[in-house]
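Okay, here's what each chain looks like letter by letter:
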Amino acid sequence: MNSAKTTLTTLIFLLSLTACSVALQPGAEKINLAKSDPAPECKELGDVKGSSNFGMENVKNDLRNQALGLGANFVRMETVMNNPKGSLITMTGTAYACP
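Note that this is a predicted model, so its numbers are computed, not measured.

Let us look at the sheet that holds strand S2 (residues 43-52). Spatially, the four strands line up as an open sheet ordered S1-S3-S4-S2, and their pairing is mixed. Only two strands of the sheet have a single neighbouring strand rather than two, namely strand S1 (32-34) and S2. For this sheet, the mean inter-axis angle between neighbouring strands, taken without regard to orientation, is 30°. As paired elements, strand S3 (residues 74-82) and strand S4 (residues 89-97) share eight bridges and run antiparallel to each other. Within S4, the residue paired with Thr-79 across the bridge is Thr-92. Strand contacts of helix H2 (residues 56-70): S1, S2, S3 and S4, with the helix running at about 145° to S2, the strand carrying the most contacts.

This is the structure in structure tokens:
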């Protein structure tokens, strides 16, 4: 019985970790994130903001998902803010459609 309880506890822990990650929407993996300005022919589509308590990769995934919703294929990353009282990381950027 103790082994079954340990297995169940481990399974619940692993499931909770995957529930905390931000999954990329189909197509979002193609969105380029950069700190530099886009090419001059790119069209600005709007601001995007990503956040997560579970690491920078999840923040970037959230940013890409939001940019995808605007029809963007490029995001200029602008600010990163860390919450001093917790683990929340927030990143802002500008989404662009580039040829």
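Bridge count between S1 and S3: three bridges; the pairing is parallel. When the sheet's bridge partners are listed, Leu-33 is paired in S3 with Val-75. What sits between the antiparallel neighbours S3 and S4 is a turn of six residues.

This part takes up the nonpolar core. Grouped together as the largest cluster of nonpolar side chains are 12 residues: Ile-31, Leu-33, Val-48, Val-59, Leu-63, Ala-67, Ala-72, Val-75, Met-77, Ile-89, Met-91 and Ala-95. Residue assignment for this core shows that the elements contributing at least two residues are H2, S3 and S4. Leave out the neighbours within four places in its chain, and Val-48 touches Leu-63, Gln-66, Ala-67, Leu-70, Val-75, Met-91, Thr-92, Gly-93, Thr-94 and Ala-95. One finds Ala-34, Cys-42, Phe-74 and Cys-98 within the second-largest nonpolar core, a separate group that totals five residues.

Right, let's get into the packing of aromatic side chains. A complete count under the given rule lists one aromatic pair for this structure. Measuring from centroid to centroid gives 6.2 Å for Phe-74 and Tyr-96, while their planes differ by 65°, and the two rings are edge-to-face. Here Phe-74 is found in strand S3, whereas its partner Tyr-96 is found in strand S4, with 22 residues between them in sequence. Note on accessibility: Phe-74 and Tyr-96 belong to one class, buried.

We now examine the environment of Cys-98. Inspection of the secondary structure puts Cys-98 in the segment after S4. We classify Cys-98 as buried; its relative accessible area is 18%. Apart from residues lying up to four places away in sequence, Cys-98 is in contact with Pro-38, Cys-42, Asn-73 and Phe-74.

Rules of the game
Residues numbered from 1 in each chain as written. Predicted model: local features only at pLDDT ≥ 70, side-chain atom pairs only at ≥ 80, totals over all residues. Heavy atoms only, no water. Pairing = 2+ DSSP bridges. Helix = DSSP H or I, 4+ residues; strand = E, 2+ residues; numbered from the N terminus. Axes fitted to C-alpha atoms, helices over the stretch in contact; angles between N-to-C directions. Contact = heavy atoms within 4.5 Å. Core = buried A, V, L, I, M, F, W, Y, C linked by side-chain atoms within 4.5 Å. Buried < 20%, exposed > 50% of the residue type's maximum accessible area, 1.4 Å probe, protein only. Phe/Tyr/Trp six-rings, centres within 6.5 Å; stacked < 30°, edge-to-face > 60°.

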